[in-house]
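# Observations on the model geometry
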Amino acid sequence: MAAQFRSYVWDPALIVAQMVLLQAGYYSSLGLWLALLGTLGSTGPSLQQVFSDEILGFSTPPGRLSMMAFILNALTCALGLLYFIRRGKQCLDFTVTVHFFHLLGCWVYNSRFPATLTWWLVHIVCTALMAAIGEYLCMRIELREIPLSSAPKSNV
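Residues numbered from 1 in each chain as written. Predicted model: local features only at pLDDT ≥ 70, side-chain atom pairs only at ≥ 80, totals over all residues. Heavy atoms only, no water.

Quick reminder of the rule: UniProt positions are given in the numbering used here, feature names are shortened, and annotations may be inferred rather than shown by experiment.
If you check an unreviewed UniProt entry, the protein chain appears there as Protein SYS1 homolog from Cyanoderma ruficeps. The annotation that UniProt attaches to the protein chain under Subcellular location (unreviewed entry) is "Golgi apparatus membrane". Per UniProt, the protein chain has the following entry under Function (unreviewed entry): "Involved in protein trafficking. May serve as a receptor for ARFRP1."

## Looking at the overall build of the protein chain
The condition that has to hold: Put simply, DSSP H or I for four residues or longer makes a helix, DSSP E for two residues or longer makes a strand, and each gets a number counted from the N terminus. Residue exposure (1.4 Å probe, protein chains only): buried if accessible area is under 20% of the type maximum, exposed if over 50%, otherwise partly exposed. Here a residue-residue contact requires only that any non-hydrogen atoms of the pair lie within 4.5 Å.
For the protein chain, the helix and strand inventory stands at 5 helices and 0 strands. Along the chain direction, N to C, the helices and strands of the protein chain fall in the order α-α-α-α-α. Here the C-alpha coordinates of the protein chain stretch approximately 65 × 40 × 20 Å along the principal axes. Burial analysis of the protein chain (156 residues in total) assigns 33% to the buried set. A fraction of 75% describes how many contacts in the protein chain between residues 6 or more apart in sequence connect residues 24 or more apart.

## Considerations on a nonpolar patch on the surface
Spelled out, the test is: Candidate patch residues must exceed 30% relative accessible area and have no salt bridge, after which like charges are joined if within 9 Å and Val, Leu, Ile, Met, Phe, Trp or Tyr side chains if within 5 Å. Residue-level accessible areas treat just the shown protein chains as cover; the underlying method is Shrake-Rupley with a 1.4 Å probe. Within this document, salt bridges are pairs made up of a side-chain nitrogen of Lys or Arg and a carboxyl oxygen of Asp or Glu, the two lying within 4 Å of each other.
A cluster of nonpolar residues, F100, F101, L104, W107 and F113, forms a patch on the protein surface that exposes about 470 Å² of accessible area. Position of W107 relative to the elements: it lies in helix α4 (residues 91-110).

## Section: the confidence of the model for the protein chain
If pLDDT is low for a region, its predicted coordinates should not be looked at in detail. The cut-off we apply is this: Confidence of the prediction at every residue is given by pLDDT, a number between 0 and 100.
For the protein chain, mean pLDDT is 87; residues scoring 70 or higher make up 90% of the total. For the protein chain, the element scoring lowest by mean pLDDT is helix α2 (residues 47-51), at 89; α4 scores highest, at 94.

## A closer look at α4
Convention followed: Every helix has an expected span of 1.5 Å times one less than the residues it contains.
For α4, spanning 20 residues, the distance from its first C-alpha to its last is 28 Å, which sits close to the expected 28 Å at 1.5 Å a residue. Listed as buried for α4 are C91, F94, T95, V98, H99, H102, L103, C106 and N110. On the buried face of α4, the contacting elements are α1 (12-41), α2, α3 (61-85) and α5 (117-142).

## Structural notes on α3
Between its first and last C-alpha atoms α3 spans 35 Å; for 25 residues at 1.5 Å apiece the expected length is 36 Å, and the two agree. Positive backbone phi, approximately 65°, marks R86, located one or two places after α3.

## A look at the pattern of salt bridges
Counting across every chain of the model gives 3 salt bridges. For the salt bridge of E54 with R112, the shortest nitrogen-to-oxygen distance reads 2.8 Å. Of this pair, E54 sits in the loop between α2 and α3 while R112 sits in the loop between α4 and α5, and the two are 58 residues apart along the sequence. Close ionic contact of E142 with R87 constitutes a salt bridge, the shortest N to O distance being 3.3 Å.

## Here's the deal with the packing of α4 against α5
Here is the rule we go by: Every axis in this analysis is a line fitted to C-alpha atoms, fitted for helices over the stretch in contact. Angles between the N-to-C directions lie between 0 and 180 degrees. Oblique is the label for any angle not covered by the other classes, which are roughly parallel (under 35 degrees), roughly antiparallel (over 145) and roughly perpendicular (65 to 115). Crossing chirality is assigned from the near helix's rotation relative to the far helix, an anticlockwise turn below a right angle marking it left-handed and a clockwise turn marking it right-handed. Here the term charged refers only to Asp, Glu, Lys and Arg, the term nonpolar to Ala, Val, Leu, Ile, Met, Phe, Trp, Tyr, Cys and Pro, and the term polar to all other amino acids, Gly among them.
Here α4 crosses α5 at 155°, and the two axes come no closer than 8 Å. Judged by the angle between their axes, α4 and α5 are roughly antiparallel. With respect to the hand of their crossing, α4 and α5 are arranged in right-handed fashion. Contacts between α4 and α5 involve C91, L92, T95, V96, H99, H102, L103 and C106 on the former and, on the latter, W119, W120, H123, C126, T127, M130, A131, G134, E135 and C138. Among the residues making up the contact of α4 with α5, the classes are represented as 11 nonpolar, 6 polar and 1 charged.

## What about the UniProt feature "transmembrane region" (unreviewed entry) in the protein chain?
In the UniProt entry, the feature "transmembrane region" (unreviewed entry) is given for residues 12-36, 65-85, 92-111 and 117-138. Spanning residues 65-85, this segment combines 100% helix with 0% strand, and its end C-alpha atoms are found 29 Å apart. The span residues 92-111 shows a helical share of 95% and a strand share of 0%, and its end C-alpha atoms are spaced 28 Å apart.

## Here's the deal with the packing of aromatic side chains
Cut-off, in case you're wondering: Stacked, edge-to-face and tilted are the three classes for Phe, Tyr and Trp ring pairs, Trp counted by its six-membered ring, which pair at centre distances within 6.5 Å; planes under 30 degrees apart are stacked, over 60 edge-to-face, the rest tilted.
Tallied over the full model, the rule gives 7 aromatic pairs. Aromatic side chains Y27 and F51 sit 5.7 Å apart centroid to centroid with 45° between the ring planes, which places their arrangement in the tilted category. Taken as a pair, Y27 in helix α1 and F51 in helix α2 lie far apart in primary sequence, 24 residues in all. Judged by its relative accessible area of 27%, Y27 is partly exposed. Overall, the relative accessible area of 15% leaves F51 in the buried class.

Spelled out as structure tokens, the structure:
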């Protein structure tokens, strides 16, 4: 069998490790953003801010800070896609997986399915941002020129 350019072998252990790493990065960076933005609103990060669908909203300062933290977290996690996934084709898959597991976490934490419109809008925007920016960053890396020789060029 001839060697192919970028031939990949399906590696479930790698995929699971990447999902766990990305999910851990998602919650770590979200906690960091909530802590940083909480200093502005003099509130500390809590599980309620992470998992509750009722706290997100435009009407209260903690709701606005939480929404801002989720959006900044999407940008941070796009960098995580760049460093941990490195494939533009897989960015959407991993982004949807991270947000699906977050949906399940919210469902378990609240003992009910998230029902507020604001929660859904914030997470749809965050999913789109994370996937689009992550794919853009990964494609920039993938489309770099491949050096063909290490010898210095001579001007003739």
